[in-house]
Amino acid sequence: MNCDEVRKLLEDYVYDEVSFLVRNQIEEHLLSCPKCREEVEFLKEIKNTLHTMPRLEPEESFRTELNKKLDQLAKKQPEKKKRKIFRDWRTYSALAACLVLAVAVQSQISKNTDSVNFPGMQPDLVHETNITNLQQTEKANAAEDAKQPTADDVVTEDVRKETEIEDANKKKIEQITTQPAEETPKPAVQPTDEPVQSASAVPKETDVVPTDYAGAAVSAVQEETEETAVPQADVEPASLRMQTETDMVAAETAEDAGIQTTADSPQAVSGSSGGGGGSSAAATKTAVLYGTVQVAESDVSKAKEIASRYGTQSANAVEMTQKQFKNYLNTLKANAIQYNHNVPEGDMVRVEIVAE
Amino acid sequence: MDDKTLAKIQSGDRAAFDLLVEEYQSQVINIAYGMLSNREDAYDAAQEVFLRIYKNIGNFRGESALSTWIFRITKNVCMDFLRKRRELVSLDADEENAPRQDIPDHRYSPEKSVERTELQRLVRQAISQMEEKYRLAITLFDIEGLSYEEIAEILDCPVGTVKSRLSRAREKLKQFFLENREHLH
């Protein structure tokens, strides 16, 4: 070995990281080379200095101060725990409410299109109506037929209301459903010489109301419904409650996340508020389901960074398809990031990454 | 730290948590000192580290050694401190959109140092002027005496990367020594 070869290996030699064979070769060279010996001495001196660097000793005040901070933290801690459980509970109930509403929308639309025999109705709409809905609709029709005498009393009034209700409903149906709203029959434009049909149509049309989220339109239709004494009218407050709850949960979740990120890691991105409102709107209109992925606090920034590769970032959350989300979780696993998540199954999910 | 004590800490037992602080405070403070090269900052950072440990110990599931987990938090806290320092520096310099870079730390002041010999002072000064990743590698390996594997786990990078960083760090140290040799003896 010449000097150049030996120099490259000297660091490893000093740190005992060369093989027995190489060690012998180096030592053989050192015997005959004062310059390399000097280099070895120099490296050893640095190594020893590093190993014997004086240490900062914990001062008494360190523990006292730490204990004070821990006392303050311990006072806040129980509150935080309660809030977490509460949040979980509300998240689940909100998801359940969304599911119920989605089913309600589906069945109400089917009922709506099926119950009025509009001549131009598309046959495929009939196929979409399931048997249960058909049976329910038939029962409802029978019940309503029995009430015809009372309905007759308000026929002329009904025609006016129907027009209003129909217009309002048409708008809502367009908002709520992805099914073609134009194909919804329009009994309101039927001539007034068919009072029975139009009168019986009123309660059915108002059935759509519980699926409605637009507060103003709901209350407008609600007044009408009360006048015509439709039995299903009492469903409405429940749906309104659900909607309010969804919003509150979303807001709460966003707020909570905000508190957590700022409390746990000062460098975390701020401005999480606003994400909640967006997510609730998205969840109701395009069925983007919301959930959180919880990772260890030290992994949050990495998990977020990975998430940004899988979907589109909006506010504090990332939107991705179910498939992307699965891939994302796999990548987390591959990166040895432990996680829990409460993201529901859905075509599109909106995921927020939070510290556990 | 045995499992029983850990379980107690996780259930919020402050006396048990005290044992953890007792066991790790010296290492945490000195890793922070290696990273921040400033006594007061090192103590402040160490306080923050133990507060974070206290808050998050419930999430520790034993996938890594407790010490690895603690040192990872230490690293993160120190990085936060350095980031804040950088922000202050860039605010002072009024540089908007300045590219992210490692700014050598010149806050090290020999007169307040704990180092006793000239050589030790030079080493500390050299470390304080290295890029963060080299500073961290040399602090964990040479000063704290952790293994390559443990450092790799803390830094979340392959062992090979740890070795090459160490090598670069020592190279810089050597360079610094050669440049400042006249201060020695």
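So, here is what we can say about the structure in this document.

### Things to note about the pairing of strand 5 (residues 348-355) of chain A
Residue and element names in this part refer to chain A.
Part 1 of the reasoning: Buried residues dominate strand 5, accounting for seven of its eight residues.
Part 2 of the reasoning: Across eight bridges, strand 1 (residues 288-295) lies against strand 5 in parallel orientation. Looking at the pairing, L289 lines up with V349 of strand 5.
Part 3 of the reasoning: Strand direction decides the pairing type here: strand 3 (residues 317-321) and strand 5, joined by five bridges, are antiparallel. Looking at the pairing, T321 lines up with M348 of strand 5.

### Thoughts on the side chain of S67 of chain B
Part 1 of the reasoning: Structurally, S67 of chain B can be placed in helix 4 (residues 66-92).
Part 2 of the reasoning: When neighbours within four sequence positions are excluded, S67 of chain B is seen to be in contact with Y24 and E150 of chain B.

### Quick look at the packing of aromatic side chains
Think of a pair of aromatic rings as described by two things: how far the centres are apart, and how the planes are tilted against each other in angle.
Part 1 of the reasoning: Within this structure, the stated rule accounts for ten aromatic pairs over all chains.
Part 2 of the reasoning: Relative to F50 of chain B, the ring of F62 of chain A has its centre 6.3 Å away and its plane inclined at 75°; by these criteria the two rings are edge-to-face. Separated into two different chains, F62 of chain A in helix 4 (residues 60-115) and F50 of chain B in helix 3 (residues 39-56) make up a pair that spans both.
Part 3 of the reasoning: For F50 of chain B, a relative accessible area of 0% puts it in the buried group.
Part 4 of the reasoning: A ring pair is formed by F141 of chain B and Y148 of chain B, whose centres lie 4.8 Å apart and whose planes are at 15°; its orientation type is stacked.
Part 5 of the reasoning: Taking the relative accessible area as the measure of exposure, F141 of chain B reaches 13% and is therefore buried.
Part 6 of the reasoning: Residue Y148 of chain B is classed as buried on the basis of its relative accessible area, which comes to 12%.

### Here's the deal with the interface of chain A and chain B
Part 1 of the reasoning: In this assembly, 41 residues from chain A lie in contact with 52 residues from chain B.
Part 2 of the reasoning: Together chain A and chain B conceal approximately 4600 Å² of surface at their shared face, both sides included; 53% is due to carbon and sulfur atoms.
Part 3 of the reasoning: Sorting the residues of chain A by area buried against chain B places R55, L56 and F62 of chain A first, and these three jointly supply 16% of that buried surface.
Part 4 of the reasoning: Put simply, chain A and chain B have ten salt bridges between them.
Part 5 of the reasoning: With a shortest N-O distance of 2.9 Å, R170 of chain B and E11 of chain A are connected by a salt bridge.
Part 6 of the reasoning: Applying the counting criterion to the chain A and chain B interface returns 19 residue pairs in polar contact (both at pLDDT 80 or more).
Part 7 of the reasoning: Breaking the side of chain A that touches chain B down by element, the ones donating at least two residues are helix 3 (34-51), helix 4 and helix 11 (235-264) of chain A.
Part 8 of the reasoning: For the side of chain A that touches chain B, the element with the most residues is helix 4 of chain A, which contributes eleven residues.
Part 9 of the reasoning: Per-class residue counts for the side of chain A that touches chain B are 16 nonpolar, ten polar and 15 charged.

### As for the sheet that holds strand 4 (residues 339-341) of chain A
Residue and element names in this part refer to chain A.
Part 1 of the reasoning: The strand order across the open sheet formed by five strands is 2-3-5-1-4, and the pairing between neighbours is mixed. In the strand order of this sheet, the two ends are held by strand 2 (312-314) and strand 4, each with one partner. The mean inter-strand angle of the sheet, taken between neighbouring strand axes irrespective of direction, is 30°.
Part 2 of the reasoning: In the packing of helix 13 (residues 300-310) onto the sheet, contacts are made with strand 1, strand 2, strand 3 and strand 5, and the angle to strand 5 comes to roughly 165°.
Part 3 of the reasoning: Docked against the sheet, helix 14 (residues 322-334) engages strand 1, strand 3, strand 4 and strand 5, running at close to 115° with respect to strand 3.

Conventions we followed
- Residues numbered from 1 in each chain as written.
- Chains lettered and ligands numbered in written order.
- Predicted model: local features only at pLDDT ≥ 70, side-chain atom pairs only at ≥ 80, totals over all residues.
- Heavy atoms only, no water.
- Buried < 20%, exposed > 50% of the residue type's maximum accessible area, 1.4 Å probe, protein only.
- Helix = DSSP H or I, 4+ residues; strand = E, 2+ residues; numbered from the N terminus.
- Pairing = 2+ DSSP bridges.
- Contact = heavy atoms within 4.5 Å.
- Phe/Tyr/Trp six-rings, centres within 6.5 Å; stacked < 30°, edge-to-face > 60°.
- Buried area = accessible area lost by both parts, 1.4 Å probe.
- Salt bridge = Lys/Arg side-chain N within 4 Å of Asp/Glu carboxyl O.
- Polar contact = N/O pair within 3.5 Å; in protein donor to acceptor, adjacent residues only side chain to side chain.
- Nonpolar A, V, L, I, M, F, W, Y, C, P; charged D, E, K, R; others polar.
- Axes fitted to C-alpha atoms, helices over the stretch in contact; angles between N-to-C directions.

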